[in-house]
Amino acid sequence: MISAKVHGIPELKAALAGIVPKLRRQALRNALAAGARIVRDDAKRRAPVLQPTLRAPYRKAGTVRKAIVVRTSKRARAQGDVGVFVNVRPAKTGQRGAKNPSDPFYWRFLEFGTRKMSARAFLQPATARLAEALEKFKAVIGPQIQKMNKKDGTL
């Protein structure tokens, strides 16, 4: 797992304190997702596009690239926090399997390699853009906090 350390959390908490919890979560989620989209876009750009071969003619080109998304963290939500992450979205239950051309199950083999294939990482190198993602987060959260505080009349 890769994480980033953010300075200024007490100031951010103080600014968010006067906002209704639902709006506070929405503002944080929107700002986090805006930053995560930078990492997602870089991962999509780096993702290898497999072409159908004689051994696997049913594989659709670009399946992994299309499945890279920003998702809301259920674990963080269960703990009362807000979180997002960039990941490869699995195929829907019932549509999973090696023979399904729309199932990106093999992304792990690309990312980490196998005994017979070297890794062609795309998610891990994309994390180099976390600093840029943090700047995007700061740029998005500030105006949202000000807008919500003006609506509440607390500013």
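Everything here concerns the structure above.
In what follows, the accompanying structure is described. All chains use their own residue numbering, which begins from 1 and follows the written sequence. Residue-level local features of this predicted model are given only where pLDDT is at least 70; pairs of side-chain atoms are given and counted only at 80 or more, and the full residue set underlies all totals for whole chains, interfaces and linings. Hydrogens and water are ignored here; the side-chain numbers use all heavy atoms of the structure.

1. Considering the nonpolar core
Heads up, the rule is: Nine residue types can take part in a nonpolar core, namely buried Ala, Val, Leu, Ile, Met, Phe, Trp, Tyr and Cys, and a core is a set of them joined through side-chain atoms within 4.5 Å. With a 1.4 Å probe rolled over the protein chains alone, any residue whose accessible area is under 20% of its type maximum counts as buried; one over 50% counts as exposed, and the rest are partly exposed. Here, residues are in contact when the closest pair of their heavy atoms is within 4.5 Å.
Core analysis: the largest hydrophobic core is formed by 14 residues, its most contacted members being Val64, Ile68, Val88, Trp107, Phe122 and Leu123. Those residues in contact with Phe122 that sit more than four places away from it in its chain are Ala43, Arg46, Ala47, Pro48, Val64, Ile68, Val88, Trp107, Leu110 and Glu111. Core analysis: the second largest hydrophobic core is formed by 10 residues, Leu28, Leu134, Phe137 and Ile141 among them.

2. Regarding the side chain of Ser73
Definition in use: Only runs of H or I of at least four residues qualify as helices and only runs of E of at least two qualify as strands under DSSP, and these elements are numbered from the N terminus.
Relative to the elements of secondary structure, Ser73 occurs in the loop between strand 1 (68-72) and helix 4 (74-78). What Ser73 contacts, discounting residues up to four positions off in sequence, is Gly83, Val84 and Phe85.

3. Some remarks on the environment of Ala133
Mapped onto the secondary structure, Ala133 falls in helix 7 (residues 130-152). Taking the relative accessible area as the measure of exposure, Ala133 reaches 8% and is therefore buried. A sequence separation of 96 residues divides Ala133 from Arg37, and the C-alpha atoms of the two residues are 7.9 Å apart. If we ignore the near neighbours within four places in the chain, the residues touching Ala133 are Gly35, Ile38 and Val39.

4. Focus: the packing of aromatic side chains
What counts here: For Phe, Tyr and Trp, where Trp contributes only its six-membered ring, two rings pair if their centres lie within 6.5 Å, and the inter-plane angle classes them as stacked under 30 degrees, edge-to-face over 60, or tilted in between.
Scanning the entire structure with this criterion turns up three aromatic pairs. Centroid distance Phe105 to Tyr106: 5.6 Å. Interplanar angle 85 degrees. Geometry classified as edge-to-face. The exposure class assigned to Phe105 is partly exposed, which follows from its relative accessible area of 28%. Taken together, the ring pairs connect Phe105, Tyr106 and Phe109 into an aromatic cluster.

5. Re helix 2 (residues 21-46)
To keep things clear, this is the line we draw: The span you would expect from a helix comes to 1.5 Å times its residue count less one.
The end-to-end C-alpha separation of helix 2 is 37 Å, in line with the 38 Å expected for 26 residues at 1.5 Å each. Buried within helix 2 we find Ala27, Leu28, Ala31, Ala33, Ala34, Gly35, Ala36, Ile38, Val39, Asp42 and Ala43.

6. Some words on a positive patch on the surface
Just so we agree on the cut-off: To count toward a patch, a residue needs a relative accessible area above 30% and no salt bridge. Like charges then connect within 9 Å, nonpolar side chains (Val, Leu, Ile, Met, Phe, Trp, Tyr) within 5 Å. Under the convention used here, a 1.4 Å probe and the Shrake-Rupley method define accessible areas, while residue burial counts only the protein chains that appear. The salt bridge definition used is simple: a Lys or Arg side-chain nitrogen within 4 Å of an Asp or Glu carboxyl oxygen. His is not counted here, nor are the chain ends, while Lys and Arg score as positive and Asp and Glu score as negative. Charge placement uses NZ in Lys and CZ in Arg. For Asp and Glu, CG and CD serve respectively.
Residues Lys22, Arg25, Arg29, Lys74 and Arg77 make up a contiguous surface patch of positive charge. Contributions of two or more residues to the positive patch are made by helix 2 and helix 4. Ranked by the residues each element gives to the positive patch, the list is headed by helix 2, at three residues. Along the chain, Lys22 falls in helix 2.

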